[in-house]
Amino acid sequence: MFNKNIKLVLAVLILGWAIYQFVEGNIGNGIALIFLAGIFVFFYFKNEFLLLAFLKMRKQDFAGSTKWLSYIKNPSSALIQKQEGYYNFLQGIMVSQTNLTQAEKFFKKAIKLGLAMDHDLAMAKLQLAGVAMTKRRKREATMLMTEAKKLDKHGMLKEQIQMMKQQMKKI
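The structure presented is a predicted model; accordingly, all values stated were derived computationally and were not measured.

Explain the side chain of Asp152 to me, please; I cannot follow it from the model alone.
Inspection of the secondary structure puts Asp152 in the loop between helix H9 (138-151) and helix H10 (158-170). Buried and unpaired, Asp152 has Lys158 as its nearest opposite-charge partner, separated by 8.5 Å. If we ignore the near neighbours within four places in the chain, the residues touching Asp152 are Ala122, Leu157 and Lys158.

Can you help me understand helix H3 (residues 48-58) in this one?
Within an α-helix, residues lying three or four positions from one another point in the same direction, as the helix has 3.6 residues per turn. The complete set of buried residues in H3 reads Glu48, Phe49, Leu50, Ala53 and Met57. Elements in contact with the buried residues of H3: helix H1 (4-24), helix H2 (27-45), helix H4 (62-70) and helix H6 (81-95). N-capping of H3 is provided by Asn47, with a side-chain oxygen placed 2.8 Å from the backbone N of Phe49. Within two residues after H3, Gln60 carries a phi angle of roughly 60 degrees, on the positive side.

Which parts of the structure should I look at to understand the packing of aromatic side chains?
Remark: the centre distance and the inter-plane angle together describe each pair of aromatic rings, the angle taken between the planes. Following the criterion strictly, the structure yields eight aromatic pairs and no others. Ring geometry for Tyr44 versus Phe45: centroids 4.9 Å apart, planes at 90 degrees, classification edge-to-face. With a centroid separation of 6.1 Å and 65 degrees between ring planes, the pair formed by Phe89 and Phe107 is classed as edge-to-face. Of this pair, Phe89 sits in helix H6 while Phe107 sits in helix H7 (residues 100-113), and the two are 18 residues apart along the sequence. Through pairs of rings, three or more aromatic residues link up here, namely Phe54, Tyr86, Phe89 and Phe107. Over the face of the ring belonging to Trp68 we find Lys67, whose NZ or CZ atom lies 4.9 Å from the ring centre.

I'm lost on the pattern of salt bridges in this one. Help?
It is possible for side chains of opposite charge to pair when their charged atoms get near one another. Summed over all chains, the structure comprises nine salt bridges. Between Arg137 and Glu104 there is a salt bridge whose closest N-O contact spans 2.4 Å. Of this pair, Arg137 sits in the loop between helix H8 (118-134) and H9 while Glu104 sits in helix H7; the two residues are 33 residues apart in sequence, bridging distant segments of the chain. A cluster of three or more residues bridged by salt bridges with shared partners is formed by Glu104, Lys108, Lys135, Arg137 and Glu140.

Looking at this structure, I do not really get the layout of surface pockets. What am I missing?
Of the voids in this model, the largest pocket is the one considered here, and its volume is about 1000 Å³. Lining the largest pocket are 35 residues, and of these Phe54, Phe89, Ile93, Asp120 and Met123 lie nearest its centre. Those elements that provide at least two residues to the lining of the largest pocket are H3, H6, H8 and H10. With nine residues, H8 is the single largest residue contributor to the lining of the largest pocket. Taken together, the residues of the lining of the largest pocket sort by class into 21 nonpolar, ten polar and four charged.

Please clarify how the nonpolar core should be interpreted in this entry.
One recurring pattern in soluble globular proteins is that nonpolar side chains are buried together. Ranked by size, the top nonpolar core spans 36 residues in total, and within it Leu50, Leu69, Phe89, Phe107 and Leu126 carry the most contacts. With eight residues, the single largest contributor to this core is H8. In contact with Leu126, other than residues within four places in its own chain, are Met145, Ala148, Leu157, Gln160, Ile161 and Met164. Counting residues in hydrophobic clusters, the runner-up holds six residues, among them Ile14, Leu33, Ala37 and Phe40.

Explain the packing of H8 against H10 here, please?
One way to put it is that H8 packs onto H10 with a least axis distance of 11 Å and a crossing angle of 15 degrees. For the element pair H8 / H10, the angle class is roughly parallel. Seen from above, H8 lies across H10 with left-handed handedness. Here Leu126, Ala129, Gly130 and Met133 of H8 come into contact with H10, specifically with Gln160, Ile161, Met164, Gln167 and Met168. Residue classes in the contact of H8 with H10 are distributed as six nonpolar, three polar and no charged.

So, how was this worked out
- Residues numbered from 1 in each chain as written.
- Predicted model: local features only at pLDDT ≥ 70, side-chain atom pairs only at ≥ 80, totals over all residues.
- Heavy atoms only, no water.
- Helix = DSSP H or I, 4+ residues; strand = E, 2+ residues; numbered from the N terminus.
- Buried < 20%, exposed > 50% of the residue type's maximum accessible area, 1.4 Å probe, protein only.
- Lys, Arg positive; Asp, Glu negative; His and termini not counted.
- Salt bridge = Lys/Arg side-chain N within 4 Å of Asp/Glu carboxyl O.
- Contact = heavy atoms within 4.5 Å.
- Polar contact = N/O pair within 3.5 Å; in protein donor to acceptor, adjacent residues only side chain to side chain.
- Phe/Tyr/Trp six-rings, centres within 6.5 Å; stacked < 30°, edge-to-face > 60°.
- Lys NZ or Arg CZ within 6 Å of the ring centre and 35° of its normal.
- 1 Å grid on protein atoms, 1.4 Å probe; cavity = no way out; pocket = protein on both sides within 12 Å on 5 of 7 lines; lining within 4 Å.
- Points joined across faces, edges and corners; volume = space filled by probe spheres on them.
- Nonpolar A, V, L, I, M, F, W, Y, C, P; charged D, E, K, R; others polar.
- Core = buried A, V, L, I, M, F, W, Y, C linked by side-chain atoms within 4.5 Å.
- Axes fitted to C-alpha atoms, helices over the stretch in contact; angles between N-to-C directions.
- Parallel < 35°, antiparallel > 145°, perpendicular 65-115°, else oblique.
- Left-handed = near helix turned anticlockwise from the far one by under 90°.

In structure tokens:
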């Protein structure tokens, strides 16, 4: 919606207006304006289009998720680094259905930029391992699966890792 820097400027201006309201004695207005400024700060750290794309992804609506991601025109300037990592992660998941080479590029870029949670990083590495296995690069796939297993501390990807190991034996 807005550039990341515009969001911060709006938050500062609204916060200044809230302080003015406190000085004038309008405490309720000041509190409401602080909450409004907080929304802009929240959307600085969590991009609204990425949140909507994740919601569509949870419902298995890949077309809707792709639509929301398409609203982000220039990810390197519109998003902070972690958000850009998640943007590439989501793009990789979308593209992995059709083009493995492009999906591999998106996942590698997402890992390079960084993902906030370990299980997301494990998922990206597991996806990369699947691409490597499809392209008959067994050593790279094994290494990526080992890294994914280390990052998966809660065992959320245990079944997928086991399935990939079984498929790896067939190669």
